[in-house]
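Each chain is listed here by its residues.
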Amino acid sequence: MKILNIHIALFYLVTSLIGCNNNSEYSKSDELLTSGNQLFKLGKYKEALSTYQEGVSHESTVILLSNIGTAYEELAELDSAEFYFRKAVNKDNNNAISLNNLAECLEIKNQFEEALKYFNQAIEVDENLSLLYINRGELYLEMRLYEQSRNDFDKALELDSMDALAYNNRAELFEVTGDFNAAIKDLNKALFLDSSYAIAYNNRGFLLKLLGQYENALSDYNFAIGLDSRQGVFYLDRGILKMEMGNMVAACDDWVKAGNAGYDISSFQYLIDKYCQQ
């Protein structure tokens with residue numbers, strides 16, 4: 001495994017762009033948007049999607065179209081997500097959030113050059129939105145353009161020095177380029193800013209494992225799972241650590257939990273077959 005980054009489709013920000021309108025149809029779409037957002041935040045993505053789609057039947061707003069795309073993305077239906085993100089951009093090609101969301105979807109689909117085009121457009125529209133630089137920095141990292149990636153993460157932190165996400169994601173850059181101490185320093189900062197940041201605990205645990213600090217790594221993995229027990233990758237990583245610590249029974253237990261949490265453990269099936277069969 002590797003250190004985890006976060007790609008951001010700007011869902012929560014688009015909800016704040018709703019204006020005031022006395023039109024009854026707009027009010028109904030506004031109501032459905034609010035209901036859909038509540039469902040989305042509860043992880044009920046199919047129900048949120050249906051609610052957004054009902055909202056579009058009243059008024060096809062950029063916000064609703066973009067949130068439909070985000071719901072499809074959470075459901076791993078990337079072609080449908082891209083379709084709705086493009087509809088949102090076509091409706092308003094001067095909306096940084098819609099441009100970001102389309103770029104982020106294209107990045108997940110490994111269409112890096114086109115994704116970069118839309119990230120650049122988003123930043124031209126709003127050069128002061130730090131999340132745009134974080135997301136483009138992640139794209140540059142995937143493209144192995146490390147200098148550009150570092151510049152974007154640094155710019156994000158220049159705009160918002162209290163952004164735990166920027167520190168977490170810059171840590172991935174440091175890990176990839178071999179500067180583990182700098183990566184841990186960034187993760188320490190992320191956790192100082194947000195002590196409930198489960199992914200940052202898991203990431204720091206991964207780095208501590210690489211440095212041979214197994215007990216400290218285990219503590220971080222345990223903390224991550226305590227904060228968010230739904231993430232299968234946390235169990236997978238902790239299982240790998242336990243295997244390296246020689247506790248195969250506990251490792252197998254964690255790999256089973258990873259699978260039960262929905263993580264695709266097929267690439268680790270050889271370990272399960274070798275060590276975990278009764």
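Residues numbered from 1 in each chain as written. Predicted model: local features only at pLDDT ≥ 70, side-chain atom pairs only at ≥ 80, totals over all residues. Heavy atoms only, no water.

So what's going on with the state of the cysteines? Which residues, and what values?
Counting across every chain of the model gives one disulfide. Across the disulfide from Cys252 sits Cys276; the S-S distance is 2.0 Å. A torsion of -85° about the S-S bond marks the disulfide between Cys252 and Cys276 as left-handed. Here the residue Cys252 occupies a position in helix α15 (residues 248–260), and Cys276 occupies one in the segment after α16 (269–275), the gap between them amounting to 24 residues. Considered together, Cys252 and Cys276 belong to a single accessibility category, that of buried residues. (Disulfide = S-S within 2.5 Å. Helix = DSSP H or I, 4+ residues; strand = E, 2+ residues; numbered from the N terminus. Buried < 20%, exposed > 50% of the residue type's maximum accessible area, 1.4 Å probe, protein only.)

Residue-level account of the pattern of salt bridges, with values.
For side chains of opposite charge, pairing can occur when their charged atoms come near one another. The full count for this structure, using the stated rule, is 16 salt bridges. Glu244 is the partner of Lys209 in a salt bridge, and the nearest nitrogen-oxygen pair spans 3.4 Å. Note that Lys209 is positioned in helix α12 (residues 198–210) and Glu244 in helix α14 (residues 232–244), a separation of 35 residues in sequence. Judged by relative accessible area, Glu244 falls into the partly exposed class, the value being 37%. One connected set of salt bridges, linked through shared partners, spans Asp79, Glu82, Arg86, Lys109 and Glu114. (Salt bridge = Lys/Arg side-chain N within 4 Å of Asp/Glu carboxyl O.)

Describe the packing of helix α4 (residues 62–74) against helix α5 (residues 78–91), listing the residues and the values that go with them.
Two numbers describe how α4 lies on α5: the axes approach to 7 Å, and their chain directions differ by 165°. Taken together, the axes of α4 and α5 lie roughly antiparallel to each other. Regarding α4 and α5, the two cross each other, and that crossing is left-handed. Contact residues: Val62, Leu65, Ser66, Ile68, Gly69, Thr70, Tyr72 and Glu73 in α4; Leu78, Ser80, Ala81, Tyr84, Phe85, Lys87, Ala88 and Lys91 in α5. Class assignment of the residues belonging to the contact of α4 with α5 gives a composition of nine nonpolar, four polar and three charged. (Axes fitted to C-alpha atoms, helices over the stretch in contact; angles between N-to-C directions. Parallel < 35°, antiparallel > 145°, perpendicular 65-115°, else oblique. Left-handed = near helix turned anticlockwise from the far one by under 90°. Contact = heavy atoms within 4.5 Å. Nonpolar A, V, L, I, M, F, W, Y, C, P; charged D, E, K, R; others polar.)

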